[in-house]
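Each chain, written out:
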Amino acid sequence: MKNLKLFVLVIIALVGLSFAANAETMFLASDDFVGITFWLISMGMLAATAFFFMERSSVSVRWRSSITVAGLITGIAFINYMYMRGIWVQTGDTKTLYRYIDWLITIPLQMVEFYLILAAIRKVPSGIFWRLLIGSLVMVIGGYLGEAGYLPSRMLGFIIAMAGWIYLLYEIFSGEAGRAAAKSGNKAFVTAFSALRMIVTVGWSIYPLGYVFGYLMGSIDINSLNVIYNLVDFVNKIAFGLVIWSVAMSLTGTRSK
Amino acid sequence: MKNLKLFVLVIIALVGLSFAANAETMFLASDDFVGITFWLISMGMLAATAFFFMERSSVSVRWRSSITVAGLITGIAFINYMYMRGIWVQTGDTKTLYRYIDWLITIPLQMVEFYLILAAIRKVPSGIFWRLLIGSLVMVIGGYLGEAGYLPSRMLGFIIAMAGWIYLLYEIFSGEAGRAAAKSGNKAFVTAFSALRMIVTVGWSIYPLGYVFGYLMGSIDINSLNVIYNLVDFVNKIAFGLVIWSVAMSLTGTRSK
Amino acid sequence: MKNLKLFVLVIIALVGLSFAANAETMFLASDDFVGITFWLISMGMLAATAFFFMERSSVSVRWRSSITVAGLITGIAFINYMYMRGIWVQTGDTKTLYRYIDWLITIPLQMVEFYLILAAIRKVPSGIFWRLLIGSLVMVIGGYLGEAGYLPSRMLGFIIAMAGWIYLLYEIFSGEAGRAAAKSGNKAFVTAFSALRMIVTVGWSIYPLGYVFGYLMGSIDINSLNVIYNLVDFVNKIAFGLVIWSVAMSLTGTRSK
Amino acid sequence: MKNLKLFVLVIIALVGLSFAANAETMFLASDDFVGITFWLISMGMLAATAFFFMERSSVSVRWRSSITVAGLITGIAFINYMYMRGIWVQTGDTKTLYRYIDWLITIPLQMVEFYLILAAIRKVPSGIFWRLLIGSLVMVIGGYLGEAGYLPSRMLGFIIAMAGWIYLLYEIFSGEAGRAAAKSGNKAFVTAFSALRMIVTVGWSIYPLGYVFGYLMGSIDINSLNVIYNLVDFVNKIAFGLVIWSVAMSLTGTRSK
Amino acid sequence: MKNLKLFVLVIIALVGLSFAANAETMFLASDDFVGITFWLISMGMLAATAFFFMERSSVSVRWRSSITVAGLITGIAFINYMYMRGIWVQTGDTKTLYRYIDWLITIPLQMVEFYLILAAIRKVPSGIFWRLLIGSLVMVIGGYLGEAGYLPSRMLGFIIAMAGWIYLLYEIFSGEAGRAAAKSGNKAFVTAFSALRMIVTVGWSIYPLGYVFGYLMGSIDINSLNVIYNLVDFVNKIAFGLVIWSVAMSLTGTRSK
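Cut-off values and rules
Residues numbered from 1 in each chain as written. Chains lettered and ligands numbered in written order. Predicted model: local features only at pLDDT ≥ 70, side-chain atom pairs only at ≥ 80, totals over all residues. Heavy atoms only, no water. Helix = DSSP H or I, 4+ residues; strand = E, 2+ residues; numbered from the N terminus. Buried < 20%, exposed > 50% of the residue type's maximum accessible area, 1.4 Å probe, protein only. Contact = heavy atoms within 4.5 Å. Areas by Shrake-Rupley, 256 points an atom, 1.4 Å probe, with all protein chains shown as cover. Least-squares fit on C-alpha atoms with pLDDT ≥ 70 in both. Buried area = accessible area lost by both parts, 1.4 Å probe. Salt bridge = Lys/Arg side-chain N within 4 Å of Asp/Glu carboxyl O. Polar contact = N/O pair within 3.5 Å; in protein donor to acceptor, adjacent residues only side chain to side chain. Expected span 1.5 Å × (residues − 1). Arc of directions from axis to C-beta. Axes fitted to C-alpha atoms, helices over the stretch in contact; angles between N-to-C directions. Parallel < 35°, antiparallel > 145°, perpendicular 65-115°, else oblique. Left-handed = near helix turned anticlockwise from the far one by under 90°. Nonpolar A, V, L, I, M, F, W, Y, C, P; charged D, E, K, R; others polar. Phe/Tyr/Trp six-rings, centres within 6.5 Å; stacked < 30°, edge-to-face > 60°. Patch = residues over 30% accessible without salt bridge, like charges linked within 9 Å, V, L, I, M, F, W, Y side chains within 5 Å.

A. Inspection of the overall build of chain A at higher detail. From N to C terminus, chain A includes 9 helices and 0 strands. In chain A, the order of α-helices and β-strands from amino to carboxyl end is α-α-α-α-α-α-α-α-α. Sorting the 257 residues of chain A into buried and exposed places 61% on the buried side. Look at the contacts in chain A between residues 6 or more apart in sequence, and 77% of them connect residues 24 or more apart. Surface accessibility of chain A: about 9,400 Å² in total, with carbon and sulfur atoms responsible for 68%.

B. Quick look at the relation of the copies chain C and chain B. Note on the copies: chain C fits chain B at an RMSD of 0.0 Å, the axial shift is 0.0 Å, and the rotation between them is 72°. Interpreted geometrically, this transformation is the action of a five-fold axis. When C-alpha distances to the rotation axis are compared across chain C, the minimum falls at C:S57, with a value of 8.0 Å.

C. Spotlight on the interface of chain D and chain E. The partner chain E presents 27 residues to the 24 residues of chain D that form the contact. Together, the buried faces of chain D and chain E total about 2,300 Å²; carbon and sulfur atoms form 75% of this surface. Taken together, the links from chain D to chain E amount to 1 salt bridge. Residue D:R56 pairs with E:E55 through a salt bridge whose shortest N-O separation is 3.2 Å. If you look at where chain D meets chain E, you find 6 residue pairs in polar contact (both at pLDDT 80 or more). Listing elements by their share of the side of chain D that touches chain E, those giving two or more residues are α2 (61–91), α3 (96–121) and α4 (127–148) of chain D.

D. Structural detail: helix α5 (residues 154–173) of chain A. Residues and elements named next belong to chain A. The end-to-end C-alpha distance of α5, which contains 20 residues, comes to 28 Å, matching closely the 28 Å that a straight helix rising 1.5 Å per residue would cover. What α5 keeps buried is the set G157, F158, A161, G164, W165, L168, L169, E171 and I172. Each buried residue of α5 sits inside an arc of 165° when the element is viewed along its axis, so together they form one side.

E. Just the interface of chain C and chain B, in detail. Tallying the contact residues gives 27 residues for chain C and 25 residues for chain B. Regarding the contact of chain C and chain B, the summed buried area is about 2,300 Å², with carbon and sulfur atoms giving 75% of it. On the surface where chain C and chain B come into contact, there are 1 salt bridge. One can count 6 residue pairs in polar contact (both at pLDDT 80 or more) joining chain C with chain B. Listing elements by their share of the side of chain C that touches chain B, those giving two or more residues are α1 (4–55) and α9 (222–256) of chain C.

F. Broad picture of the environment of C:I67. Residues and elements named next belong to chain C. Here I67 is to be found in helix α2 (residues 61–91). Placed 174 residues apart in sequence, I67 and G241 show a C-alpha to C-alpha distance of 7.4 Å. Contacts of I67, omitting those with residues within four sequence positions, involve F52, R56, V59, I244, W245 and A248.

G. Summary view of the pattern of salt bridges. Scanning all chains against the criterion turns up 25 salt bridges over all chains. Of the charged contacts in the structure, one is a salt bridge between D:K237 and D:D102, with a shortest N-O distance of 3.7 Å. Of this pair, D:K237 sits in helix α9 (residues 222–256) while D:D102 sits in helix α3, placing them 135 residues apart in sequence. As far as the burial class goes, D:K237 and D:D102 line up, both buried. Through salt bridges that share partners, A:D102, A:D233 and A:K237 make up one connected network.

H. Quick peek at the packing of helix α4 (residues 127–148) of chain E against helix α5 (residues 154–173) of chain E. All names here are of chain E. Axis separation between α4 and α5 bottoms out at 7 Å; the angle between their running directions is 160°. One element, α4, and the other, α5, form an angle in the roughly antiparallel class. The hand of the α4/α5 crossing is left-handed. For the pair α4 and α5, the contacting residues are I128, R131, L132, G135, S136, V138, M139, G142, G143, G146 and E147 in the first and R154, G157, I160, A161, G164, W165, Y167, L168, E171 and I172 in the second.

I. How the structure looks around the side chain of C:N80. Locating C:N80 in the fold gives a position in helix α2. When neighbours within four sequence positions are excluded, C:N80 is seen to be in contact with C:Y98, C:I101, C:D102, D:W39 and D:M43.

J. Spotlight on the side chain of E:R64. Tracing the backbone shows E:R64 in helix α2 (residues 61–91). Sequence-distant contacts of E:R64, defined by excluding residues within four places in its chain, comprise A:E55, A:S58, E:R56, E:S57 and E:V59.

K. View of the packing of helix α5 (residues 154–173) of chain B against helix α7 (residues 187–203) of chain B. Residues and elements named next belong to chain B. Between α5 and α7, whose axes approach to 11 Å, the crossing angle comes to 170°. Taken as axis vectors, α5 and α7 run roughly antiparallel relative to one another. Handedness of the α5/α7 crossing: left-handed. Of α7, the residues touching α5 (which contributes W165, L169, I172 and F173) are F193, R197, V200 and T201. Counted by class, the contact of α5 with α7 contains 6 nonpolar, 1 polar and 1 charged residues.

L. Up close: the packing of aromatic side chains. According to the stated counting rule, one finds 75 aromatic pairs over all chains in the structure shown. Among the aromatic residues, those joined into a cluster by ring pairs are A:W63, A:F114, A:F189, A:F193 and A:F240.

M. Main features of the environment of E:D102. Residues and elements named next belong to chain E. Overall, D102 belongs to the buried group, its relative accessible area being 1%. The sequence separation of D102 and T74 amounts to 28 residues, and the corresponding C-alpha distance is 9.9 Å. Once residues lying within four places of it in the same chain are set aside, the contact partners of D102 are I76, A77, N80, Y81, D233 and K237.

N. Expanded view of the environment of C:F78. All names here are of chain C. Among the secondary structure elements, F78 is positioned in helix α2. Sequence spacing of F78 and S153 is 75 residues, and the spatial spacing of their C-alpha atoms is 32 Å. When sequence neighbours within four positions are dropped, the list of residues in contact with F78 reads S42, M45 and L46.

O. A nonpolar patch on the surface, seen in detail. All names here are of chain A. On the surface, I134, V138, L156 and I160 cluster together into a nonpolar patch covering about 270 Å² of accessible area. Where the nonpolar patch is concerned, the elements lending two or more residues are α4 (127–148) and α5. Relative to the elements of secondary structure, V138 occurs in helix α4. For V138, a relative accessible area of 37% corresponds to the partly exposed category.

Structure representation (structure tokens):
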């Protein structure tokens, strides 16, 4: 588990590398390239889904719901990416809207994962579950309303979404969830919990950055935004699940051996 | 389990919020928006189906049929929503008829769930099973015949369906099923049973209201009706199954640990 | 198990009711309605298949082959109904031929079920297996040859098929299979065996009646025939499997608890 | 198990009967009929695949690889038959070539089954595995090269394929595989092994006969050849797997009860 | 396990034989033939995927992740081959690009397998995991950038990819991974590890050879290259997984019997 931070860094580096390569591609066959990243991440999501659904039988029963949900997150992302790829190939349009259909389901599920893994290790108050669920819904729905233009100004949607995100960060760092993790007294678990927090902090920061540069400032073209979103989703959803699987395997071994 | 009522309230609030947002959307890109809710609920139904089908192995054998049926309900709804979405995208038409194909199978299965979870906890007379099955068939078939125009008047279909529904409510509140639940003496079970009853009472009340406003009074347009039905189905089918899964997990733990 | 006869009666009543409703529909949107029953039964068959395939792990090992076969029967019917629905929607034609593709596989499997459930409960001579298999093949192939016009007269095909059916009824009522069931000395099993016999006797009688009225006398239109076949298959395949699942669950409980 | 030879005979009789019926059909609606047998066998292959994949969990661990492979054989055949049916419906052409894509994978897998079931019962030298694999590849590739016209003469391909087949028969009758089976000392196993040998001897003889009559002598039309191949594959692949499943169930019972 | 090298040789011989046959085909119906190898390998990949996913339940828990990953590798290859076959049939074009989508996921997974099987047998430092992962990413991304023309010269991409490959060979032969395998002290494991190394050394050498002859020297036509890649992938992915499955079965047996 101690390599998890390294893992995150490696993948971020990889994303950077890929993006550098992509930046050049943009000028050569830009429409094609976006499609390729859609295809690549689709395959990755599918492989991750199959992996989580099969590996869930290898962890102890109390961890299985967490692994099931990890697979649902990548599975729904897989279907949406297949769908977005199809739209892309046919129209060359990108429909950030469809990302929200994905996010409306997967982001709350990801925040619920913090509750599920805490509940796998010790008794936790269910208030954590509700705060994480509501916070994530505020974040996604706020962002959607702003981006789709249903609010007086896009800035308002951005502020609502940021408030939701900051609240979530508070909850998992210093709030009841964060304190419950710290009290677990299990080193492997604490490391994994930190890695998940890093994904939610660093990995998710791409979305508001994309929002700021793409929608508020208009300084980034939609194709680059799509490529960035695709590659970041790779980390935020697959690595997120792998961290949970890894700690579940590790703690299953400790107990059942 | 004590948060279940809160859960229902939260989702109802969420539905309300979504609908408020939708109301505005209607004027902007109404045909698109209905399609989006079809897509969103399709994904939710699929995820719920996968969740129930995988998690059934985590509960004790006596609860598995209930979880299987919960997955069948969301699975059939998933297929029908995919189908309705396809029809929608191609024709812009909505075919309430297809909802009845879904309801003809899922509504009786949901009422049978009351019998299945009672049977998982104690010996219950099979008469409960038959009364719930027949009552739900009367309700759905009555509604269908009225809505499709095979009865002398739409009002007659409405009356038949309402009679079926009221009988079902009687059965699960004060009838043999309700009394059997009360006698179970298990607090977690009684809370879950109450939550399911609330869904059947409050959540299902949307369907006759839609019938009244949409068909009898004509005061609601078909698009809004579709959006309402879509979001309510999200609660009525997925939350319904989650409550059963939750009590099954909880009582499996109590016994097998 | 004592409610099984009631179950059969209820479903027959339901079929009657549906058909009454259908009769009227015929005049209104006849081509549509047949398509709807194709769609409805497709969903029912799919749900039943998923149910049997998942529930087989809940019964004891000796009953699992029976449940597997019950799922195969509804699964093959599902595929054929999807296919027939597609043909129907495109051509408005009905192709009784495709029903025989279904029946050629499912009818022998259903008769083999009598052997499988007997073998799950006691040692039975394998001669029963062969007689049921051959009898059912004679019945289906005879009917097919007659209906497709490969025999000198349709009446000859009818006679061959009826002979096969009557032989099967003899075997499961008074023949070695019937006697083996009677000797099992298990009340739940005997009741289930009787219910299956009732399906084969009453439920299957629709097919020769359809043959007589539809092909020999020509007094029934092809659309009504399709609706009848669709609804009867619902009982003959799904209820048939549910009876087997029910007795398997009941006898698994008796033994393993 | 003693009825297995009878089983083979019954199915051969059934094939004969079907073919007699088909022969007449040829003159009536020949193109349709070939399509029907493609459809029928597709369904049978699918049902068999589902059966083997589910039933593998009911046999002891040492037999599971054999059942997995039995399911792979019918599964690949299923996909190829679906594909061939599609080609048939669209073009009315038959492409024996596609049968070789099936055979290149399934025939070696079937010969490997002899090794797998021997290895499930006793320690066997792996030389048997390699000889069966290479012999079957020689047979299929030889036949393909001859039939596709890549060899100087079709007769040469026929001779190579026949040499491969005769070698395989030698191996499983009198060679190391045959002697290992005889030495197993288990009556049920020896009977099953004999039944599999009969399928490879009698059932497979149809392929060279079709080659002789269809390609070398040209005395049989391509449609009849397709119907024969379809029905023979039904026996050679499904009954082959059922024999293995049957002996696996029987020997699992002997040991684990 | 001692036959594994023989196994590799046999398959290489088979590939050679197939290719000899193909060489001739090229002149006859070249476009068709490439499509056939796409179809053949698709089926093989699918069968292998189903095999690994089912057989994983037969090995001990510590080996299951390895088998899961083996199935993911063939599964992703299956999907990409289906896709490439579709592109081929429609356009007659071959898009080496799509192979990189496959390779970007499967090649790193294959190198990770060396870590996974070492970790199944003894405690290994996680540094091995990261070096294998990064080395394989350097190799694939380097090759891609060169082949797609994003680097100043194709030769540069070739050099980067070769450096990655040589580093990987160093790691698994003489580096920490190689030493860990040698120290395992388990004969069956060492043999399997050697066989996997041979695949990575001999089997993978086809890719740079194809690069040299196809892209740098232009002395090989794109169709032959596709056929070679298809057949080599058959060995490099399926045999690779079979070796892992074989040693997992063998070591599971040793322990659990």
